[in-house]
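# Commentary on secondary and tertiary structure
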Amino acid sequence: MAKKLFLLDALALIYRAYYALIRNPRITSKGRNTNAQFGFTNTLYDLINKEKPTHLAVCFDTHAPTERHTEFVEYKANRQEAPEDLLDSLDDIKKIIKGFNIPVVEVDGYEADDVIGTLAWQAADQGYEVYMVTPDKDYGQLLIHKNVFIYKPGYQGGDVEILDAQKVCDKWSIERVEQVVDILGLMGDAVDNIPGIPGVGEKTAAKLLKEYSTLENVIANADNIKGALGEKVRNGKESALLSKKLATIITDAPVQFHEEDYKIKEWNKVDLIEVFTELEFKTLGKRILGDEFNVFQSTTVAVQTEMFAATTEPKENGQKDLFGNDVPAKTPAKAAVAEPVESGFNADKNINNTPHEYILVDTDEKAKDLVQKLLKEKEICFDTETTNIDANDAELVGMSFSYKPFEAYYVPAPADQEKTKQLLEIFKPLFDSTETTWIGQNLKYDLLVLKWYGIELAGNIYDTMLAHYVIEPEGRRSMDLLSAQYLNYEPVHIEELIGKKGKAQGNMRDVEVEKIKDYAAEDADITLQLKYALQPGLKAKEVEKVFYEVENPLVKVLTDMEFEGVRIDEGFLKEYSRILESDASDAEQNVYAGAGVKFNLASPKQLGEVLFEKLKLDPKAKKTKTGQYATGEDVLLKLAQTNPIVDDILTFRELTKLKSTYVDALPLMINRKTGRVHTSYAQAVAVTGRLSSNNPNLQNIPIRTERGKEIRKAFIPRNSDHVLISADYSQIELRIVAAISGDPNMCEAFKQGIDIHTATAAKVYGVEPGEVTKEQRYKAKSVNFGIIYGQGAFGLADNLGISRTEAKEIIDNYKKEFIGITKYMDNTTNFAREHGYVQTLMGRKRWLRDINSSNFTVRGFAERNAINSPIQGTAADMIKLAMIKIHEAIKKEKLQSRMILQVHDELVFDVVKSELDIIQPLILENMKIALPLPNDVPVEAEVGVGDSWLAAH
DNA sequence: CTGCTCACG
DNA sequence: ACGTACGTGAGCAGC
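Now for a description of the structure that goes with this document. Every chain is numbered independently, its residues counted from 1 as its sequence is written. Each chain takes a letter, starting from A, and each ligand takes a number, starting from 1, following the order in which they are written. Side-chain atom pairs in this predicted model are given and counted only at pLDDT of 80 or more, local residue features only at pLDDT of at least 70, and totals for whole chains, interfaces and linings cover all residues. Excluded from the side-chain calculation are hydrogens and water; included are all heavy atoms of the structure.

## Focus: the overall build of chain A
Under the convention used in this document: A run of H or I in DSSP counts as a helix once it spans at least four residues, and a run of E counts as a strand once it spans at least two, with each numbered from the N terminus. Each residue is assigned to one of three classes by its accessible area relative to the maximum for its type, calculated with a 1.4 Å probe on protein chains only: buried under 20%, partly exposed between the two thresholds, exposed over 50%. Residue contacts follow a heavy-atom distance rule, with two residues in contact if any of their heavy atoms lie within 4.5 Å. Methods summary: accessible areas were calculated by the Shrake-Rupley approach with a probe of 1.4 Å, and residue burial reflects only the protein chains presented. Charge counting follows a simple rule: Lys and Arg are positive, Asp and Glu are negative, and His as well as the terminal groups are ignored. Where a charge lies is defined by one atom per residue type, namely NZ (Lys), CZ (Arg), CG (Asp) and CD (Glu).
Of the regular secondary structure elements, chain A holds 37 helices and 23 strands. With the C-alpha coordinates aligned to their principal axes, the bounding extent of chain A is approximately 115 × 80 × 65 Å. Looking at chain A residue by residue over its 953 residues, the buried ones come to 54%. A separation threshold of at least 6 residues defines the contact pool for chain A, and within that pool the share at least 24 residues apart is 69%. Just so you have it, chain A exposes about 42,200 Å², and 49% of that area is on carbon and sulfur atoms. Across chain A, 117 positive and 146 negative side-chain charges occur, with their mean positions spaced 3 Å apart.

Laid out in structure tokens, this is it:
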């Protein structure tokens, strides 16, 4: 097979890609323009795919000046600064090139075309077919060598064009490719600011060369050229000669073609996945990586992967954070590249090249031996295999253990559940050991599985998923991905055992034991190794406190809450569903009657067309980014006056939402064994440190509207001896703002116990607290919340329906009266700009790579995150600590009551009536002292008791 | 599978 | 001229 070398002129391709899409830019959800990255990737992949090169390299210009610059100061002096978007793309593009495992060639003092020219000719001499990938026509001169071609990529569906010498000559209307430099010398090049001969363009240049063959000969015959043209040539001969020199591509640059280096190599798929995910290349990512892109996409987390840059820089002396703590060594906010930290663990060894021992433990005798062995170990990695991803409905299929790398044990569990219980009895001494630290990936799952068998682990928890969460809160952290990233090893995929998700997915129970053993033991082995690999990161990032004091201890708390579940009044919901059905249907009919057409009211697309095209309602709605009319609640409210059907539409929306999302959905989630609903808390999803809840989400049960809050009547105590308690923090986020900003006015208001929104209104409007009107309080409340999120005048105006002038006035007053808060906002953004992250009171960090972006929108996002994350995150730290303390206290007091739900600033308990007196103060006290705030800002919490969640409020 | 809409803090 | 308040999960329509 012929050897085919492709040399890419990176910057030329990037510029071309960027401007090709300029009128129809690709913008990510975070506002980044990704034209260049997209165009470049497309070109690169298409050529790899279609042309099957055997060798590849990408060439860049460097910043160093070239001889052309020293010889001719005007050279490229007309170039405008490249757009910021485009410059920002370079890091991504280099990452992509690295992902494709292609060498980058750049030589100081030489431009990419010189490098490419030199390499092309060398390779061609060695018998390669060489394709120079560029949109630049100047390369035509290099086609003097007969094995060299220009490969001009197509843009926006255009076709690729491969140019040989003949085609180049045809383009320029010349006879020999040698004449390309002559023609460039004559006509110049506006793009590079090469003058040529003023007044001589492409056509004239070709005509002259046809007659005189070379530039030099044209000049020699200048006197024979008649008329104005002759005059121009005579005046411009020096300029022309210089221009020719500038346009001549150097073919003896100091660079050597080594064929080994440029050979096509395996892609670094993890790098590609990471960068494609960040750039939101969904379709393209899938086209390039196929199903593997899906595998790594499978978790819920979006967009960004944060850096994991191990910083070896020395700690800067005297650096303090906003809370006066030492800060870790400066982490670059920009240009952060994922690079696993050097671990104490030997990274050169991996599962590919190191013999491993995975041992099947399939008799009671072997199991007993294993237990004895494990009892001597302090740290044991543990993993379960089960029949179901829902731990509440799963049977144990087997357990794996590992306490040293490359050695793991797999213990199959019999299908007969009684026998499995007997097997677990053998392990009881181990499970009961308080000396053991249990290492695992998402141990909550395994703990929950065991809990259904009546087993609890007495030891400590070390969850690698949570370690990664605090190190890199925005990253994705499936086992596959972590293993690839930190251990450089791609584990056996679960699909290889039980097939892909969906109908065809099989059951772990049906897989032969040997296969499960290899998979399961490997999982425990990998997880143990991950622990070693992640450990240095915890230290480097200074997130050990939040990891050991908050996240790990919370695992058992959440396990118990999920196990407990909550009782739902199914009958009540069935009845309520009928009412909603009937009322929604009435509203729907009203809409059709009022509009004069029948359509699908549940379709925003159809509704938009009816409202704005058929009924021509005003104000005409803005379009969404897909070109549809927006029909969200805010839009509809502005239309409410113009047509009575709008009210009915809103009613229909409200009722169908309640019905489908809650009233009809919740009964379907009732567990058959318990008759209760068991949500699942995601502990490593929300970037700020909050929990999230799913299957079902019990953190967004309606409360704001009358018909919505009815649903809370369906959340009821275990039985008639029980009641529900709801305990919630009062204004926790604002207290945190006051405390960490130290603003005297706001701190004082909380210390005095004055209603915070009234106090704010009094300051902003310059009146006594007693004189604050309802409206002033309402507006002040909106400002208070807006501040937490970094809202501006526009947002406040929109929110309150007031003018931007008034909004600005309110905000200006606010900033003046609460100067400490203004300072906090400045300080926290400055801190982020300098260090690349912000943090909570417990040292939970969030990295903000865009904080120094010059893109207004992108930077704005990061700045608002800088303001909000420490607040939201500190509140999350606080309630998590409270949960741990309350859980401990309930255990210690041997109470029958249970914590069952968490909703960010609220905890719900299923309480035995006889324990009410003891548990209420226990809850309140622990919530208040969980995380003391600076500046003596008091923390308040309130409890309510009732026969339903609604009544408990 | 994606985008829109809407439920919560 | 830009776009404008943070963090989530779920159901539905329509491609």
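## With respect to the sheet that holds strand E18 (residues 722-729)
Going by this rule: Strand pairing is assigned whenever DSSP identifies at least 2 bridges connecting the two strands. All axes are obtained by fitting lines to C-alpha atoms, using only the stretch in contact for helices, and the reported angles, taken between N-to-C directions, cover 0 to 180 degrees.
Taken in spatial order, the four strands line up as E21-E22-E18-E23 in an open sheet, and their pairing is antiparallel. Each edge of the open sheet is held by one strand with a lone partner, namely strand E21 (898-902) and strand E23 (941-946). Geometrically, the sheet is characterised by an average inter-axis angle of 25 degrees between neighbouring strands, direction not taken into account. As paired strands, E18 and E23 are joined by six bridges and run antiparallel to one another. Looking across to E23, one finds that Leu724 is bridged to Gly946. Against the sheet, helix H37 (residues 916-929) touches E18, strand E22 (906-912) and E23, its axis set at about 20 degrees to E18.

## Focus: the protein's contact with DNA strand B
The test is simple: Any residue with at least one heavy atom within 4 Å of a molecule or strand is counted as near it. Two N or O atoms form a polar contact when they lie within 3.5 Å of each other; inside protein one atom must be a possible hydrogen donor and the other a possible acceptor, and for residues adjacent in sequence the pair counts only when both atoms belong to side chains. Following the grouping adopted for this structure description, the nonpolar residues are Ala, Val, Leu, Ile, Met, Phe, Trp, Tyr, Cys and Pro, the charged ones are Asp, Glu, Lys and Arg, and the polar ones are all others, Gly among them.
Taken together, the neighbourhood of DNA strand B is formed by 22 residues, with Thr631, Glu633, Ile703, Arg704 and Asp905 sitting nearest. Glu633 is positioned with one of its backbone polar atoms (N or O) 2.7 Å from a phosphate oxygen of DNA strand B. At 3.1 Å, a side-chain N or O of Arg690 approaches a base nitrogen of DNA strand B. Top element by residues in the surface near DNA strand B is helix H26 (residues 645-663). It accounts for three residues. Split by residue class, the surface near DNA strand B holds six nonpolar, eight polar and eight charged.

## What about the protein's contact with DNA strand C?
For DNA strand C, the set of nearby residues contains 32 residues, the closest of which are Ser603, Ser692, Tyr789, Gln791 and Asn799. The sugar-phosphate portion of DNA strand C accounts for 65% of its atoms within 4 Å of the protein, the bases making up the rest. Contact distances for DNA strand C include 2.7 Å between a base nitrogen and a side-chain N or O atom of Gln791. Here a phosphate oxygen of DNA strand C sits 2.9 Å away from a polar atom, N or O, in the side chain of Arg846. Contributions of two or more residues to the surface near DNA strand C are made by helix H24 (604-614), H26, strand E16 (692-694), helix H33 (793-800) and helix H36 (856-892). Looking at which element gives the most residues to the surface near DNA strand C, the answer is H36, with six residues.

## Details of the packing of helix H7 (residues 179-187) against helix H10 (residues 227-247)
Rule in force here: Note that the term roughly parallel is reserved for angles under 35 degrees, roughly antiparallel for angles over 145, roughly perpendicular for angles of 65 to 115, and oblique for everything else. Here a crossing is taken to be left-handed if its near helix is turned anticlockwise relative to the far helix by less than a right angle, and right-handed if that turn runs clockwise.
Interaxial distance between H7 and H10 falls to 7 Å at its minimum, and their mutual angle equals 130 degrees. What the angle tells us is that H7 and H10 run oblique. Regarding H7 and H10, the two cross each other, and that crossing is right-handed. For the pair H7 and H10, the contacting residues are Val181, Asp182, Leu184 and Gly185 in the first and Ala240, Ser243, Lys244 and Ala247 in the second. Across the contact of H7 with H10, the residue classes break down as four nonpolar, two polar and two charged.

## Notes on the sheet that holds strand E13 (residues 566-568)
Judged by pairing direction, the sheet is antiparallel, and its three strands sit side by side in the order E14-E13-E17 without closing on themselves. The sheet is open, and its two borders are formed by strand E14 (676-677) and strand E17 (715-716), each paired with just one other strand.

## Some thoughts on the packing of helix H1 (residues 10-20) against helix H4 (residues 84-99)
Their axes nearest at 11 Å, the elements H1 and H4 cross at an angle of 125 degrees. In terms of orientation, H1 and H4 fall into the oblique class. In this structure, the crossing between H1 and H4 has a hand that is right-handed. Of the residues in H4, those touching H1 at Leu11, Ile14, Tyr15, Tyr18 and Tyr19 are Asp85, Leu86, Ser89, Leu90 and Ile93. Taken together, the residues of the contact of H1 with H4 sort by class into eight nonpolar, one polar and one charged.

By themselves, these are just geometric observations and shouldn't be taken as functional.
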